[in-house]
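Tertiary structure, described
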Amino acid sequence: MNRRKAAGNWTTKNEIAAAAGKLWESGRLPAALISGARLFPRSVKLKGPGAGEMAERLSETREWCDALRAGSKEERRNGYRLEYRHIRHKILGENNIPERAVIDTEEDALALAGKKGEAELLLKMAEETASRLPALLAFLHRKPLRALEAASQWGRLLDICEWMLEHERPSIYLREIEVPGVHTKFIEGCRALLGELLDLLLPESAIDKGHSSGAGFEERYGFRKKAETVRLRLPADCRIFPRSVTDIALTDEEFAVTEIPCREILITENLINFLSLPRAEGRLIIWGAGYGFSALRKAGWIAGEKIIYWGDIDTHGFAILSELRAHYPQARSFLMDEATLLAHRDLCVEEPKPAKQPPENLTEEEKKLFMLLRGKNLRLEQERIGIEWVREALKKSIPAAL
């Protein structure tokens, strides 16, 4: 064996320190600081020269021993303690060679890992938590490193948790929380962590587990959520608003109770198409803006109306159509057919991430077109369709003077 390579396999003081570092990074050492669990003493088996190597590599062996001793508690206040094995050599005589390094205490491990500062901070956080909200000590024990990442925010997080205990399911906007130093952006920036703390702290009656602590934070903990809006272009013969009003946005709650007389509801995904579609008597135009129809679902009055959906001719356009039909089975597609695709074939582009399987709520013709699109990886965006083509299709939908 190459002599230099063999020496490179001998355990160094840095590798002993790394063993302590792994205890910290795994979370075991910081968790033990919180719980008082005993992790020490712990030993690290040393890889060093065998008896046969010592005579051949005497100077390297001495350097190795000296380097280990220099990093040990024999020379320093904290660190590792060396345990030796006694060797009798026919040439070198009797010698003591380091066999293992022993880390006796938490203090030794923290010194080796270079984590004394973080440990002091974590203990300070635990002391404050124990005095204010002892139920949250479980989080510090389970995720001490995650808690340390939020050390600068910890006091304000405890402030919010205390406020929430006094105001279960408060039915206000996050903006209205009256906690010094806490504002909406602070809560939004740490809602995932705050959610974990609140789940430990609040009674089950104060938590709606049907929503997550991320995107569903407001609903989960009883805050008011910013209302969804529905943008509409009114039928040309609409009389429930002033005649000058043609393009409006209503909250989902307002839309739910505002029955707008119409004979047809046309939902389109593209904003420019929404704006440029010609108004007609009896036609209510809604800007759909992608997946999700929660704002529309609240409006029971549209369930009996004729509903038309116009999306891109691509696999995701048909997936959105399928989702709409799950709530309104009567919905039919508009300009999402093979004739429109072929008439605008030169304007097609590649669909970046096509869906793999046709969704459930499609007609046979739509499924066939879906498979064609997926097979050729095609996409025809609705704004690429010629405006005259659109107008002629609209005339067939509801004959009107356009």
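In this text, all values refer to a predicted model and were calculated from it rather than measured experimentally. Just so you know, the residues in each chain are numbered from 1, in the order the chain's sequence is written. Local features in this predicted model are restricted to residues of pLDDT 70 or higher, and side-chain atom pairs are both shown and tallied only at a pLDDT of 80 or more, whereas totals for entire chains, interfaces and linings draw on every residue. Water and hydrogen atoms were dropped before computing side-chain values, which therefore reflect all heavy atoms in the structure.

Turning our eyes to something else, we now look at helix α3 (residues 28-35). Helical periodicity: at 3.6 residues per turn, an α-helix aligns residues three or four positions apart in one direction. Only protein chains enter the calculation, and the probe is 1.4 Å; a residue is then buried if its accessible area is under 20% of its type maximum, exposed if over 50%, and partly exposed in between. Each helix is a run of H or I in the DSSP string that is no shorter than four residues. Each strand is a run of E no shorter than two, and both are numbered from the N terminus. A large share of α3 lies buried, amounting to six of its eight residues. The set of residues buried in α3 consists of L29, P30, A31, A32, L33 and I34. Contacts between residues were defined by any pair of non-hydrogen atoms, one from each residue, lying within 4.5 Å. Residues of α3 that are buried in the fold lie against α2 (13-25), α6 (106-113), α7 (116-132), α8 (137-142) and α9 (144-149). G36 sits one or two residues past α3 and shows a positive phi near 85°.

Another point: the packing of α7 against helix α10 (residues 154-166). In helix packing, the relevant descriptors are the interaxial angle and the interaxial distance, both defined with respect to the helix axes. As a packed pair, α7 and α10 sit with axes 11 Å apart at the nearest point and diverge in direction by 15°. Considered as vectors, α7 and α10 are oriented roughly parallel to each other. Like other packed secondary-structure pairs, α7 and α10 cross with a definite hand, here right-handed. On the side of α7, the interface is formed by M125, E128, T129 and R132, while α10 contributes W154, G155, L158, D159 and E162. Residues are grouped as follows: nonpolar covers Ala, Val, Leu, Ile, Met, Phe, Trp, Tyr, Cys and Pro; charged covers Asp, Glu, Lys and Arg; every other residue, Gly included, is treated as polar. Within the contact of α7 with α10, the residues separate by chemical class into three nonpolar, two polar and four charged. In this description, a line fitted to the C-alpha atoms serves as the axis of each element, helices being fitted only across the stretch in contact, and the angle between N-to-C directions of two axes falls anywhere from 0 to 180 degrees. Roughly parallel means an angle under 35 degrees; roughly antiparallel means over 145; roughly perpendicular covers 65 to 115; every other angle is labelled oblique. Throughout, a crossing is termed right-handed when the near helix is turned clockwise from the far one, and left-handed when it is turned anticlockwise from it by less than a right angle.

On to unusual backbone geometry. The phi torsion of most residues other than glycine is negative, and most of the peptide bonds are trans. Cis geometry marks the peptide bond from F40 to P41, where omega comes out at 5°. Its location among the elements puts P41 in the loop between α3 and β1 (42-45). Phi angles above zero are rare outside glycine, and N377 is one such case at about 55°. Topologically, N377 is positioned in the loop between α19 (364-376) and β11 (378-379).

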